[in-house]
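The chain contents come next:
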Amino acid sequence: MISPGTQERPLRVAIIGAGPTGFYAADQLLKQPKVVAEVDLFDRVPTPYGLVRAGVAPDHQKIKSVTAAFDKVAAHPRFSFFGGVDFGKDVTVDDLRRHYHQILYSTGAQTDRRMGIPGEDLAGSHPATEFVAWYNGHPDYRDCRFDLSQERAAVVGVGNVAVDVARVLCRSFEELATTDIADYALEALRESHIKEVYLLGRRGPAQAAFTNPEIRELGDLADADISVVPEEVELDLLSRAALEKSPDRATQKKVEILQGYALRKAGGKSRRLIVRFLVSPVELVGNEAGAVAAMKLVRNRLEATATGALQPKPTGVFEDLPAGLVFRSVGYKGVPLPGVPFNESGAVILNDKGRVLDPLTRQPVVGEYTAGWIKRGPTGVIGTNKPDAAETVECMMEDLAGGRALDPPEPSAEAVRRLIGQRQPRHFTYQDWLRLNEAEVARGRPLGRPRLKFTRVEDMHAALGR
Ligand code: NAP
């Protein structure tokens with residue numbers, strides 16, 4: 001038997017999850033100099049690009065231009081896309097083992113981390129990830145409701161997602177109206193009564209997870225003034241010592257930007273964005289109607305752990321922050337896939353450099369791999385997933401060369417098309433997506449918007465005339 005990877009017998013690979021990592025991995029597989037691969041990319045939703053479509057903020061259009069590179073990958077003759085096909089429901093691992101030599105999971109981190117405090121589930125308290133998916137028109141989140149009749153919102157966490165949420169809440173209608181934000185979100189935000197948005201960091205300015213372009217952008221909003229509490233952006237002794245010991249230009253710059261905000265006078269804009277540090281919510285307090293009305297915050301100071309990391313320690317000094325809308329933005333979290341070994345504590349697929357491991361033997365599971373956030377956790381920017389996917393693809397090639405791949409009974413594209421045709425006849429091909437894309441762009445043009453997204457699966461079918 002000749003090993004797969006030749007013209008006559010291509011290496012058949014299934015990739016689950018059509019976000020950036022899925023495309024980077026597909027690209028690397030299709031560009032192998034000595035192996036002829038056929039790649040089938042699956043996604044639960046009809047459209048490709050994962051978080052580039054459903055996560056990247058609508059006012060960050062430039063970042064979305066990375067999709068042009070993904071479209072190039074998709075144009076490869078040995079690439080196929082199956083959108084609207086749910087792994088675990090429409091197709092299982094066992095199905096894939098019948099048709100592929102290798103399977104790669106790149107499903108990202110599909111849920112959010114919790115704060116673990118009383119009141120977290122009150123009405124009006126939401127994961128930031130839901131708000132993000134809502135304003136980006138993800139079909140599963142389009143019907144979420146956020147009480148924008150409130151005047152004060154608080155976002156817990158100071159990562160880039162928290163910044164995105166705060167920025168979208170502070171943007172004027174005019175600023176949002178030229179983006180690809182979902183039409184219902186644009187209308188809801190137009191009616192928003194939000195006047196004040198708080199960003200709450202549990203540690204100090206030097207430990208803030210947001211990056212410098214993102215925090216700088218918050219200072220340039222058309223109709224929102226930014227402010228900080230001057231004492232909270234002064235470096236404490238430990239942070240100062242840490243920065244002196246290992247100077248880090250980006251962190252120094254970040255602190256400078258924040259200290260610059262302390263010197264700003266309010267500019268009379270309609271909204272206020274207040275960035276706080278060294279505070280942790282300990283409880284969300286509800287009103288008679290069971291909705292969040294305020295947060296109880298504890299002030300923190302920093303303490304060094306044995307490894308030198310600076311961690312927040314509560315001081316016992318509390319304050320109340322009235323807020324009728326709360327978003328927790330304390331990180332994404334991976335969810336297990338049916339039939340795939342999972343590391344519960346890390347919320348990632350159990351793996352070594354991308355090779356899925358058997359939980360009992362800790363040995364690689366033949367033919368199964370992972371890449372991206374579900375491999376390493378929800379960190380890094382889009383481009384971080386390129387080297388991450390490359391590491392996994394390298395393992396795949398090494399294993400293939402060593403004869404460690406699946407031996408599927410029906411390794412043909414035709415057999416997969418038949419299977420998907422039966423299991424999910426209403427799936428979407430890349431050709432379908434390209435037509436939807438054109439339709440979205442055409443709908444946006446008269447409005448001066450990059451596109452007007454379809455946010456209902458039924459509308460996508462209708463746009464394709466089915
Ligand atoms: P993140 O960068 O990990 O930030 C999480 C934030 O939550 C941190 O400030 C963290 O503080 C805080 N936090 C965690 N647990 C908390 C708790 N119990 N109470 C209070 N605060 C808590 O995660 P993310 O914002 O979800 O972003 C995920 C990744 O996507 C990041 O790599 C990010 O850079 C990237 N991203 C990039 C962009 C962009 O480039 N524009 C946009 C969006 C997302 P500690 O540091 O104290 O733990």
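Residues numbered from 1 in each chain as written. Predicted model: local features only at pLDDT ≥ 70, side-chain atom pairs only at ≥ 80, totals over all residues. Heavy atoms only, no water.

Chemist: Would you mind showing me how to read the overall build of the chain here?
Modeler: Of the regular secondary structure elements, the chain holds 17 helices and 20 strands. At 24 Å, the chain has a C-alpha radius of gyration in line with the 23 Å of a compact globule built from 466 residues. Along the longest, intermediate and shortest principal axes, the C-alpha atoms of the chain span 75 × 55 × 40 Å. Out of the 466 residues in the chain, the part that is buried amounts to 55%. Contacts spanning at least 24 positions in sequence make up 75% of the contacts within the chain whose residues lie at least 6 apart. Of the roughly 20,600 Å² that the chain leaves accessible, carbon and sulfur atoms contribute 52%. In the chain, 61 positive and 61 negative side-chain charges are present, and the distance between their average locations comes to 2 Å. (Helix = DSSP H or I, 4+ residues; strand = E, 2+ residues; numbered from the N terminus. Rg over C-alpha atoms; globule rule 2.2 N^0.38 Å. Buried < 20%, exposed > 50% of the residue type's maximum accessible area, 1.4 Å probe, protein only. Contact = heavy atoms within 4.5 Å. Areas by Shrake-Rupley, 256 points an atom, 1.4 Å probe, with all protein chains shown as cover. Lys, Arg positive; Asp, Glu negative; His and termini not counted. Charge placed at Lys NZ, Arg CZ, Asp CG, Glu CD.)

Chemist: What exactly am I supposed to notice about the site of the ligand here?
Modeler: Near the ligand you find 21 residues, and of these Asn160, Arg202, Arg203, Glu214 and Gly380 are the closest. In the model, an oxygen atom of the ligand is placed 2.7 Å from a nitrogen or oxygen of the Arg202 side chain. Between the ligand and Gly380, the relevant distance is 2.8 Å, taken from an oxygen atom to a main-chain nitrogen or oxygen of the residue. Here the ligand, which alone exposes 920 Å², has 80% of that area covered by the protein. Per element, the largest residue contribution to the shell around the ligand is 3 residues, and it comes from helix H7 (residues 160-170). For the shell around the ligand, the per-class residue count stands at 9 nonpolar, 7 polar and 5 charged. (Near = heavy atom within 4 Å. Polar contact = N/O pair within 3.5 Å; in protein donor to acceptor, adjacent residues only side chain to side chain. Nonpolar A, V, L, I, M, F, W, Y, C, P; charged D, E, K, R; others polar.)

Chemist: Hey, could you run me through the packing of aromatic side chains in this one?
Modeler: Working definition: an aromatic ring pair is given by the centre-to-centre distance plus the angle between the planes. Under the criterion given, the structure shown has 20 aromatic pairs. Taken together, the aromatic side chains of Phe23, Tyr24, Tyr49, Phe70, Phe79, Phe81, Tyr430 and Trp433 make up a single cluster linked through ring pairs. Between Arg190 and the ring centre of Phe173, over which it is positioned, the NZ or CZ distance is 3.9 Å. Its end group placed over the ring of Phe454, Arg443 keeps NZ or CZ at 4.1 Å from the ring centre. (Phe/Tyr/Trp six-rings, centres within 6.5 Å; stacked < 30°, edge-to-face > 60°. Lys NZ or Arg CZ within 6 Å of the ring centre and 35° of its normal.)

Chemist: I would appreciate a short explanation of the sheet that holds strand E12 (residues 292-304) in the present structure.
Modeler: The pairing of strands in a sheet happens through backbone hydrogen bonds and is either parallel or antiparallel. Pairing is antiparallel across the open sheet formed by 3 strands, whose spatial order is E11-E12-E13. Bordering the open sheet on either side are strand E11 (279-286) and strand E13 (310-322), each of which pairs with just one other strand. Averaged over all neighbouring strand pairs, the angle between strand axes comes to 20 degrees, with direction disregarded. As paired strands, E11 and E12 are joined by 7 bridges and run antiparallel to one another. Looking across to E12, one finds that Val285 is bridged to Ala294. Where helix H11 (residues 237-245) meets the sheet, it contacts E12 and E13, and its direction lies at approximately 55 degrees from that of E12. (Pairing = 2+ DSSP bridges. Axes fitted to C-alpha atoms, helices over the stretch in contact; angles between N-to-C directions.)

Chemist: What's the story with the sheet that holds strand E14 (residues 325-328) in this structure? I'm lost.
Modeler: Overall, parallel pairing links the 6 strands, which are arranged E6-E14-E7-E8-E10-E9 in an open sheet. Unpaired on one side and paired on the other, strand E6 (125-127) and strand E9 (224-228) mark the two borders of the sheet. Geometrically, the sheet is characterised by an average inter-axis angle of 20 degrees between neighbouring strands, direction not taken into account. Pairing geometry for strand E7 (residues 152-156) and E14, over 4 bridges, is parallel. Paired with Val156 across the bridge in E14 is Arg328.

Chemist: Sorry if this is basic, but what is going on with the packing of helix H1 (residues 20-30) against helix H14 (residues 385-401) here?
Modeler: Helices that pack against each other are described as a pair by the angle of their axes relative to one another and the distance between those axes. Between H1 and H14, whose axes approach to 9 Å, the crossing angle comes to 45 degrees. As the angle between them shows, H1 and H14 are arranged oblique. Considering how the two elements wind past one another, H1 and H14 form a crossing that is right-handed. For the pair H1 and H14, the contacting residues are Thr21, Tyr24, Ala25, Gln28 and Leu29 in the first and Asn385, Lys386, Ala389, Ala390, Val393, Met396 and Met397 in the second. Its residues assigned to classes, the contact of H1 with H14 shows 8 nonpolar, 3 polar and 1 charged. (Parallel < 35°, antiparallel > 145°, perpendicular 65-115°, else oblique. Left-handed = near helix turned anticlockwise from the far one by under 90°.)

Chemist: Explain the nonpolar core to me, please; I cannot follow it from the model alone.
Modeler: Within soluble globular proteins, side chains that are nonpolar tend to cluster in buried spots. Of all hydrophobic cores here, the largest spans 53 residues; its most connected members are Phe131, Trp134, Tyr135, Leu169, Leu199, Leu273 and Phe327. With 7 residues, H7 is the largest single contributor of residues to this core. Other than its neighbours up to four places away in sequence, Leu199 contacts Val155, Gly157, Val158, Ala162, Val163, Ala166, Leu218, Leu273, Ile274, Val275 and Arg276. (Core = buried A, V, L, I, M, F, W, Y, C linked by side-chain atoms within 4.5 Å.)

Chemist: Explanation requested: the packing of helix H6 (residues 128-135) against H7 in the structure shown.
Modeler: At a minimum axis distance of 10 Å, the contact between H6 and H7 shows a crossing angle of 55 degrees. As far as their axial angle goes, H7 and H6 are oblique. Of the two possible hands of crossing, H6 and H7 adopt the one that is left-handed. Where H6 abuts H7, its residues Ala128, Phe131, Val132 and Tyr135 lie against Val161, Asp164, Val165, Val168 and Leu169. Across the contact of H6 with H7, the residue classes break down as 8 nonpolar, no polar and 1 charged.

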